[in-house]
Amino acid sequence: MTALWSSLSTTAEPPGAGPGGEASLALPDLGAVTVMGGVSGRLLLSLGLVVCVLGLGFGMLAFVQLRRLPVHASMLEISELIYSTCKAYLVKQGKFLLMLWVFIAAVIVVYYRFLIDFPWSKVSIVIGFSLLGMAGSYAVAWFGIRVNTFANSRTAFAALRGTPLQVHRIPLKSGMSIGMVLISLELFMMLVILLFLPREIAGACFIGFAIGESLGAAALRIAGGIFTKIADIGADLMKIAFKIKEDDARNPGVIADCTGDNAGDSVGPSADGFETYGVTGVALITFVLLGVHDPAVQATLLVWMFVVRAVMIIASALSYLVNDAWVRHQYRDAKRMNFETPLSSLVWVTSGICVAATYLTTYLVLGQGPTASLWWVFATIVAVGTLAGAVIPELVKAFTSTGSRHVREIVMSSREGGPSLNILSGLVAGNFSAYWLGTTIVGLMGGAFLLSQLGLDTLMLAPAVFAFGLLAFGFLGMGPVTIAVDSYGPVTDNAQSVYELSMIEEIDDIEATLVAEHGFTPQWDHAKTMLEENDGAGNTFKATAKPVLIGTAVVGATTMIFSIIMGLTEGLTTGLENLSLLHPPFLLGLVMGGAVIFWFTGASIQAVTTGAYRAVEFIRTTIRLDGATRASEADSRRVVEICTQYAQQGMLTMFLGVFFSTLAFAFVEPFFFIGYLISIAVFGLYQAFFMANAGGAWDNAKKIVEIDLHAKGTALHEATIIGDTVGDPYKDTSSVALNPVIKFTTLFGLLAVELSVRLTADGLHTLVLTLAAVFFLASAFFVYRSFYGMRIRSTLSDEAQPVGLGDGGDATSGAAPTTSGADRALVDAKVSDR
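Cut-off values and rules
- Residues numbered from 1 in each chain as written.
- Predicted model: local features only at pLDDT ≥ 70, side-chain atom pairs only at ≥ 80, totals over all residues.
- Heavy atoms only, no water.
- Helix = DSSP H or I, 4+ residues; strand = E, 2+ residues; numbered from the N terminus.
- Buried < 20%, exposed > 50% of the residue type's maximum accessible area, 1.4 Å probe, protein only.
- Contact = heavy atoms within 4.5 Å.
- Patch = residues over 30% accessible without salt bridge, like charges linked within 9 Å, V, L, I, M, F, W, Y side chains within 5 Å.
- Areas by Shrake-Rupley, 256 points an atom, 1.4 Å probe, with all protein chains shown as cover.
- Salt bridge = Lys/Arg side-chain N within 4 Å of Asp/Glu carboxyl O.
- Axes fitted to C-alpha atoms, helices over the stretch in contact; angles between N-to-C directions.
- Parallel < 35°, antiparallel > 145°, perpendicular 65-115°, else oblique.
- Left-handed = near helix turned anticlockwise from the far one by under 90°.
- Phe/Tyr/Trp six-rings, centres within 6.5 Å; stacked < 30°, edge-to-face > 60°.
- Lys NZ or Arg CZ within 6 Å of the ring centre and 35° of its normal.

J.: Would you mind going over the environment of Val407 with me for this structure?
T.: Structurally, Val407 is set in helix H11 (residues 405–452). Judged by relative accessible area, Val407 falls into the buried class, the value being 0%. For the pair formed by Val407 and Asn700, sequence separation is 293 residues and the distance between their alpha carbons is 6.8 Å. If sequence neighbours within four positions are ignored, Val407 has contacts with Phe399, Thr400, Ser401, Ala697, Asn700, Ala701 and Ile704.

As structure tokens, this is what we get:
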């Protein structure tokens, strides 16, 4: 092993020089930095490892405590069935991920080994760390579903006592367990690279790690989003078609819906969160190594950033404990509670403690040497981002909360206008949210820019870009809590389903059994009301986390794009005129990015549409409402298989479209690619804001009808269900998938554009343009396939049971209306013409 590190060290290029771009960057000597009156930088980072271990211990302790909570066997059986289907899904996704990784590994080998001429030992480091990053995303996703499927049945059982306190505390403890493990594991891996691997290969390690994280997050987020919405729509439409209740045990789509809650709302966000924290860190490290010339300042800033990250873990844990103590005191004997209130207080408490901790830590680490007069500037930029992590959720609630005027407008418009006005009002909410959130992001970035003008230019190039990166860093300051409130939602959603699927109310002598074994008399109606109200709070806070993550992706992408620009302009010394609207390729790249965002949005919804069609088709023909108490496990698993099939098929097509588009546009012209990256970030930001919040508004409009108005089974309820099914792929498929797509494209683009520039420099410009054309044709093929390969395979004249439209025939027998021979011939002729 020593010989391997020695060979790598002797072949490495000096920092910021030599071929290989970011993979050739070397870290400064962190041991030479002393802070806080003589404490070594390496010692501080080593203490960060201790914090990570404690954070992992905190998460695992919560995991064990959840597993030991009381639960009835009927509910445990359902939650374990959900977990078993989740396991089957994740195993398939693991194999799928390895297949996708082959494409990335091939580019890594071609570029670093055959063009840059890295030794195989160093190429293997990049490949190995890409696998490690992907494995990290995969591991936290697996941990997330295990914790959540412990918590869902325990929450459902706790509701039977009739008090709301544990109904709130259990999902939040589950979320904090995931958040602490996720952030601690990611930080631990990055600290290991900083502390224990040779400085000369750190760049290769970080780039490989970040690419692997992005690949894992992209696959799990996109596929999970498709899966969950196929299942959700399939289950929801049955309520309209057959006039059955929410989570009816006879509906084989309900188990798939519960699996999807975890696949889309737990697996996806866990992997996405892991990647977001890693990629933001790598972007800042890259900037420091490229934009800061003094090695001592480089080392000091790197130590500071990672010490702040470790302190934020402590601050988040402390905030959770403080808030939990307040909640226990406030609601100990309460019979009702607004479940959003303690979640909001947690976010604000954490923000305040993290801001205070940021200033203190920054003063201790940067308050001497070259940064002594600027420590407060760095601290304030990060603090602004951390404060925004609390302000942005409040803005989101104005458009998605059950108390929001926009959401209530959707309900009122639905009362007279049905599904049509419901959908239009939801679109209004989404568009308005994009304006206010976009304005907020501009204000935050503008503030960071102004702060960067207060002397940071004495330490670095392009200080505004570093300020944008620190702003994203601040967004993620209270990471465990951001993940926790996001993970709250899938537990509350599953808890409601577990309650219904367990059919616990119909078990013989259940009340006497609960009194004898658990010491309480169940309060059935109150329990169901609390679970529904808690699900509404979960919907709201799932919505609040999405803009924070997409905002981080876009602001952080700015920093990563800068590193590409640094390479193309030789450290901002030449070619700057190409970063102008007067340079046609740059302008064309700006236009092209929007096209890709809109294609991707459509492709992801198409995958949901076709999969939901097949799921509904299967459920409609297999559901048994007469003489059956619940759907068979085989039928439920078949729905899960349908969801998995279309999720993977859609994900593969879209991934290859993004993969080849990135290669094609990087090979067209480097500054075309820069414009393209900026464009997908901007278009993706607004598309994600619009879709996420429109979907959240539709979702909670349905909750108002169900909880506040007690109008289940009415025409108003059906209208809001239809609006919710429109919003499902908006909020949980397309919008959330844009986050990893932006980051993956930017990170993979680092390799792609360097590959293009290297080939051109070697006199192979014709080959580069030829490859650009080939890659573009490949991307266009997969864009074509993302609709024509995913479209519904039937003709308009096929006999089918209409869902919720007009006279659907006999709901229990599945009888369908007929089409006359003349009408069928006419329709078939029109279809064949196309």
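J.: Just to check I follow, could you spell out a nonpolar patch on the surface for this structure?
T.: On the surface, a cluster of nonpolar side chains totalling about 380 Å² of accessible area is made up of Met36, Leu360, Tyr363 and Leu364. Relative to the assigned elements, Met36 resides in the loop between strand S1 (34–35) and strand S2 (39–40). By relative accessible area, Met36 is classed as partly exposed at 39%.

J.: Would you mind going over the packing of helix H16 (residues 584–622) against helix H18 (residues 670–708) with me for this structure?
T.: Two quantities define a packed helix pair, namely the angle between the axes and the distance from one axis to the other. Viewed as axis vectors pointing N to C, H16 and H18 meet at an angle of 40°, and their least axial separation amounts to 6 Å. In terms of orientation, H16 lies oblique with respect to H18. Note that H16 runs across H18; the crossing there is right-handed.

J.: Mind showing me how you'd approach unusual backbone geometry here?
T.: The phi angle of most residues is negative, glycine excepted, and most peptide bonds adopt the trans form. Phi is positive for Lys243, close to 55°, though the residue is something other than glycine. Position of Lys243 among the secondary structure elements: in the loop between helix H6 (202–242) and helix H7 (253–291). Since its relative accessible area comes to 59%, Lys243 is described here as exposed. One non-glycine residue with positive phi stands out, namely His710, at about 50°. When you line up the elements, His710 lands in the loop between H18 and helix H19 (715–761).

J.: Is there a simple way to explain the environment of Ile707 in this structure?
T.: With respect to the secondary-structure elements, Ile707 resides in helix H18. Note on Ile707: relative accessible area 12%, which makes it buried. Separated by 175 residues in sequence, Ile707 and Glu532 place their C-alpha atoms 6.9 Å apart. Those residues in contact with Ile707 that lie beyond four places of it in its chain are Glu532 and Glu533.

J.: Whenever I open this one, the side chain of Thr622 confuses me. Can you help?
T.: Within the secondary structure layout, Thr622 lies in helix H16. Once you skip the residues sitting within four places of it in the chain, Thr622 turns out to touch Pro252 and Asp635.

J.: Help me out: how do you make sense of the packing of aromatic side chains in this one?
T.: How two aromatic rings sit relative to each other is given by the distance of their centres and the angle of their planes. Evaluation of the coordinates by the stated rule reveals 36 aromatic pairs. When the centroid spacing of 5.6 Å and the interplanar angle of 10° are considered together, the rings of Phe744 and Phe748 count as stacked. Within this pair, Phe744 and its partner Phe748 are both found in helix H19, separated by four residues, close to a single helical turn. Neither Phe744 nor Phe748 differs from the other in exposure class; each is buried. Taken together through their ring pairs, the aromatic side chains of Phe103, Phe655, Phe659, Phe660, Phe667, Phe744, Phe748, Phe775, Phe781 and Phe782 make up a single cluster. The ring of Tyr83 carries the charged tip of Arg146 above its face, separated from the ring centre by 3.7 Å. In this arrangement the basic side chain of Arg146 is found over the ring face of Phe150, its NZ or CZ atom lying 4.0 Å from the centre.

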